[in-house]
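The primary structure of each chain is shown beneath.
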Amino acid sequence: RASLQSFIMEEKNEYDKYAVELPRQNKSFQLAGVLESQELWLKFSELFFPVYATKDFSKLPRGFQCIGANISTGQPVALKQGELVSAVRASMSIPSIFKPVEWDTLKLVDGGIVRNFPVKNVMEMGADFVIGSNVSGDLLTTEKINDLFEVITQVTSFREDEDLKEEQKLCNVYIFHRLKGFSTNDFSSAEEVIDLGIKDAEGFYPVFKKIKDSLDAIYGSEPEKPKFVRPTSVTISDFEVRGLKHTTSKFFFQRNKIVKNRSYTPQELAEGIRKAFGTRYYSKIIYSLQPLPDGTAKIIYEVEENPLTFVKLILNYNSFQGVGLVANITSRNFLNQYSRSMLSLNIGDNMKLRAEHLQLFGIKKNQSVNAAVAGDIINNFPLYTNYTKQAIYQLAHLYGDVTLGRATKRKLFFGIGSRFEALHYKPDHASVLQIKGRTTFFDSYVLARFNSLTNSIYPKKGTKIELEAGYIYNQQPDFRVSNHGQSIINLDSLGLGKENFAHLKLNVEHYIPFAKRFNFLTQTQVGINFSGKENLSNSYFIGGLTNTFRNQLLFTGLREATVNSSSVAAARVSLRYRIVTNMYLLLHFNLGAYDFAGNKQWKDARFLSGYGLTLAVHYLGPLQISVMYSDQLKKVLSYVNLGIPF
């Protein structure tokens, strides 16, 4: 998948969030089921940049061909000339995993499904002595076929296995690598497989030495070849973009930021593509360089645009809010060009709904207005006193929000905005303390966000910062409160008053890789209401391992909302170990303090400490299974989360 760093700030929260994304194509929603792999295209463009001017593969420093398979006929196609990047990419497009690659009038997939050991093609290129090295292995046995990828691999290997038997007979030296126990999706075992290959090759050293000695005796020592001069940059004197339908070339080049008559490295060309790709208007952007007589080049971009409308789905479960199916429909350019409209719904134990419209504007389209209306109902919302549950409520939350902002360099966003919020409390009849009614208020704020994470789920490195400072005003509480059946008239004593006040929220996450399989993670959270009185409606609720409701601060060892306060600060340190690909083990240590600001002083502060162990898996979404303990609660708790919450 593309790195999260490629995307503009307005798109980062939505990328890679859903397990299923169904694009609307040909007037219906269809399961895509295959990958385009934009980053793979860019990596190949970087690797093969030194030979961008060579279109006849036989004139490369070492003659080259690769094999694709015509998806219409199933016949092998020898790729001998054209764009080297596209040829190599076509020759590895595993059916049902990667999209076919267009080559002239053909659509090609991995040639290995019909000819994975192309000795005949090598001989046609002029080889009269062939050394063959086979890493494909035998067909899988029944007990080894356990997942979809292995089924696809087995089916696509039937014809390859038959062709291999004929091709290997043509080799003068044949090396078969015994890779029993490994499969084609054992990416985490790459170094072990390479070591086995080196060991096998060393066993053939006497054979290779004998061949070389006999050739030297006949033809003499091989003359030294002239050194290949590797260009490191290219001057672009002209450019063109093809394939646009919903966006314009002006929009594309404003994002891409390429200019004529300037020299570019392949890394700079790739970065320009990422800037355009990060808008999520495009599913693929590739380029070719056409040499011109004056030594410069014309760059031609071939783009495929994403469908404008997607339906997205993910199943979510966690120990606090139960099961929910999160459904989302996202449509671009629905109300206006360069806009995104979304409607999201959580169907389950707790109902949630959000409608949102984002409009980009300005010359560079890096300014935005975002308007949202949302509501949610949380059943069984707890209220604790001294770590003991005192009451359970149905909490309904409705808000409308408008934010005006500006993003820079795909990492930083500044904004100002206002929101209207309404909260409604309905107590469980068994509760001793009963608060029933509603309150409304306005909140005007400034915010800053920074995000350099490599990916949204289990990031490898990077930093994420979210800062909001605001002012809550025009509170309109309308509550009826009773304790053991006795009415309470002084609502200020419960933090249900009308006072206006300023507030501050901060979340900082930092991920540092070290060693081979380890990551060091830190998270700092702060929430402060600068009020002379406690305010229950806008308190910060401490506990839980996944964000599920407003004003929540995560804390290892505590259930959601175990502590509520107008001033909270917490720091978590975690060590993450990658067991195998997409499976991790995490150790957590949490410290926190609350009741130290607002109407309290630092000497009044109370402290928290917690510890946890999490087994995490990422396959079509994250799964976390945790055990945790807090010194204050003195209980071992379990916690499970599947998917990304609403």
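Quick caveat: nothing in here was measured; it's all calculated off a predicted structure. (Residues numbered from 1 in each chain as written. Predicted model: local features only at pLDDT ≥ 70, side-chain atom pairs only at ≥ 80, totals over all residues. Heavy atoms only, no water.)

**Q** Quick rundown of the overall build of the protein? Include the residues and the values.
**A** Secondary structure summary: the protein contains ten helices and 32 strands in total. Classification of the 646 residues of the protein by burial places 46% in the buried group. The contacts of the protein with a sequence gap of at least 6 include a subset with a gap of at least 24, amounting to 60%. Carbon together with sulfur atoms contributes 58% to the accessible area of the protein, which is approximately 33100 Å² in total. Averaging the coordinates of the 76 positive side-chain charges in the protein and doing the same for the 61 negative ones gives two points 5 Å apart. (Helix = DSSP H or I, 4+ residues; strand = E, 2+ residues; numbered from the N terminus. Buried < 20%, exposed > 50% of the residue type's maximum accessible area, 1.4 Å probe, protein only. Contact = heavy atoms within 4.5 Å. Areas by Shrake-Rupley, 256 points an atom, 1.4 Å probe, with all protein chains shown as cover. Lys, Arg positive; Asp, Glu negative; His and termini not counted. Charge placed at Lys NZ, Arg CZ, Asp CG, Glu CD.)

**Q** Let's hear about the sheet that holds strand β3 (residues 66–70): which residues, and what values?
**A** The pairing of strands in a sheet comes from backbone hydrogen bonds and takes either a parallel or an antiparallel form. Reading across from one edge, β4-β3-β6-β5 is the order of the four strands in this open sheet, with antiparallel pairing throughout. On the outer flanks of this sheet lie β4 (76–79) and β5 (101–103), each paired with one strand and no other. Looking at each pair of strands side by side, their axes are set apart by 50° on average, direction ignored. (Pairing = 2+ DSSP bridges. Axes fitted to C-alpha atoms, helices over the stretch in contact; angles between N-to-C directions.)

**Q** Mind laying out the pattern of salt bridges, listing which residues take part and the relevant values?
**A** Under the counting rule described, the total for this entry stands at 27 salt bridges. The partner of lysine 209 in a salt bridge is aspartate 213, with the nearest N and O atoms 3.0 Å apart. Taken as a pair, lysine 209 and aspartate 213 lie in helix α8 (residues 205–219) at a separation of four residues, close to a single helical turn. By relative accessible area, aspartate 213 is classed as partly exposed at 38%. One network of salt bridges, in which partners are shared, links Glu11, Arg332, Arg340, Arg354 and Glu356. (Salt bridge = Lys/Arg side-chain N within 4 Å of Asp/Glu carboxyl O.)

**Q** Lay out helix α2 (residues 38–47) with the relevant residues and their values.
**A** Spacing of three or four residues puts side chains on the same side of an α-helix, whose turn is 3.6 residues. What α2 keeps buried is the set Gln38, Trp41, Leu42, Phe44 and Ser45. The arc enclosing the buried residues of α2, seen along the axis, measures out at 160°, which places them on a common side. Of the surrounding secondary structure, the elements contacted by the buried residues of α2 are α3 (84–90), β5, α10 (266–277) and β11 (282–291). (Arc of directions from axis to C-beta.)

**Q** Tell me what's going on with the sheet that holds strand β25 (residues 540–542), and back it up with residues and numbers.
**A** Spatially, three strands are ordered β26-β25-β27 in an open sheet, and the strand pairing comes out mixed. Since the sheet does not close on itself, it has two edges, and those belong to β26 (552–553) and β27 (563–565), each with one partner. The pairing of β25 with β27 spans three bridges and is antiparallel. Paired with phenylalanine 541 across the bridge in β27 is asparagine 564.

**Q** Which residues make up the layout of surface pockets, and what values do they have?
**A** Quantified by volume, the second largest pocket comes out at close to 810 Å³. Those elements giving two or more residues to the lining of the second largest pocket turn out to be β3, α4 (119–124) and α8. Broken down by element, the residue count for the lining of the second largest pocket peaks at five residues, all from α8. A breakdown of the residues in the lining of the second largest pocket according to their chemical character gives 13 nonpolar, six polar and six charged. (1 Å grid on protein atoms, 1.4 Å probe; cavity = no way out; pocket = protein on both sides within 12 Å on 5 of 7 lines; lining within 4 Å. Points joined across faces, edges and corners; volume = space filled by probe spheres on them. Nonpolar A, V, L, I, M, F, W, Y, C, P; charged D, E, K, R; others polar.)

**Q** Pulling in residues and values, what's your account of the nonpolar core?
**A** Membership of the largest hydrophobic core comes to 41 residues, with the highest contact counts inside it found for Phe252, Ile285, Leu289 and Tyr301. Sorting the residues of this core by element identifies β9 (234–242), α9 (249–256), α10, β11, β12 (297–305), β16 (352–361) and β29 (583–594) as the ones contributing at least two each. The element best represented in this core is α10, accounting for five residues. Excluding its chain neighbours within four sequence positions, the residues that come into contact with tyrosine 301 are Glu240, Val241, Arg242, Phe252, Phe253, Asn256, Ile258, Ile273, Ile285, Ile286 and Tyr287. Counting residues in hydrophobic clusters, the runner-up holds 19 residues, among them Ile378, Ile435, Ile472 and Phe541. (Core = buried A, V, L, I, M, F, W, Y, C linked by side-chain atoms within 4.5 Å.)

**Q** Can you lay out the packing of helix α7 (residues 190–203) against α8 for me, pointing to particular residues and giving the numbers?
**A** Relative to each other, α7 and α8 sit at 50°, their axes nearing to 4 Å. In terms of their interaxial angle, α7 and α8 are classed as oblique. Contact residues: α7 offers Ala201, Glu202 and Gly203, while α8 offers Tyr205, Pro206 and Phe208. Considering only residue class, the contact of α7 with α8 consists of four nonpolar, one polar and one charged. (Parallel < 35°, antiparallel > 145°, perpendicular 65-115°, else oblique.)

**Q** Outline the environment of leucine 106, supporting the account with residue identities and numerical values.
**A** Tracing the sequence through the fold places leucine 106 in strand β6 (residues 106–110). Residue leucine 106 is classed as partly exposed on the basis of its relative accessible area of 27%. It is 9.4 Å that separates the C-alpha atoms of leucine 106 and alanine 69, two residues lying 37 residues apart in sequence. Dropping the residues within four chain positions of it, leucine 106 is found in contact with Asn70, Val77 and Val101.

**Q** Describe empty space enclosed by the protein, listing the residues and the values that go with them.
**A** For the structure on display, the rule yields three cavities of 30 Å³ or more. If you add up the space inside the second largest cavity, you get close to 80 Å³. Phe381, Pro382, Leu383, Tyr393, Leu395, Tyr425, Ile435, Leu536 and Phe541 are the residues that line the second largest cavity. Mapped onto the lining of the second largest cavity, the elements with two or more residues apiece are β17 (367–385) and β18 (388–408). Among the elements that take part in the lining of the second largest cavity, β17 stands out by supplying three residues, more than any other. Considering only residue class, the lining of the second largest cavity consists of nine nonpolar, no polar and no charged.

**Q** Let's hear about the packing of aromatic side chains: which residues, and what values?
**A** For the structure shown, the criterion picks out 29 aromatic pairs. One Lys or Arg, arginine 576, reaches over the ring of tyrosine 584 and ends 5.2 Å from the middle of that ring. (Phe/Tyr/Trp six-rings, centres within 6.5 Å; stacked < 30°, edge-to-face > 60°. Lys NZ or Arg CZ within 6 Å of the ring centre and 35° of its normal.)

**Q** Please set out the environment of glycine 375 residue by residue, giving values where relevant.
**A** In this structure, glycine 375 sits in strand β17. Through-space distance from the C-alpha of glycine 375 to that of methionine 351 is 8.4 Å; in sequence the pair is 24 residues apart. Not counting residues within four places of it along the chain, the set of residues in contact with glycine 375 comprises Met351, Lys352, Leu353, His397 and Leu398.

**Q** Give a detailed account of a positive patch on the surface, specifying residues and quantitative values.
**A** Residues Lys257, Lys364, Arg406, Lys409 and Lys411 make up a contiguous surface patch of positive charge. Judged by relative accessible area, which is 43%, arginine 406 ranks as partly exposed. (Patch = residues over 30% accessible without salt bridge, like charges linked within 9 Å, V, L, I, M, F, W, Y side chains within 5 Å.)

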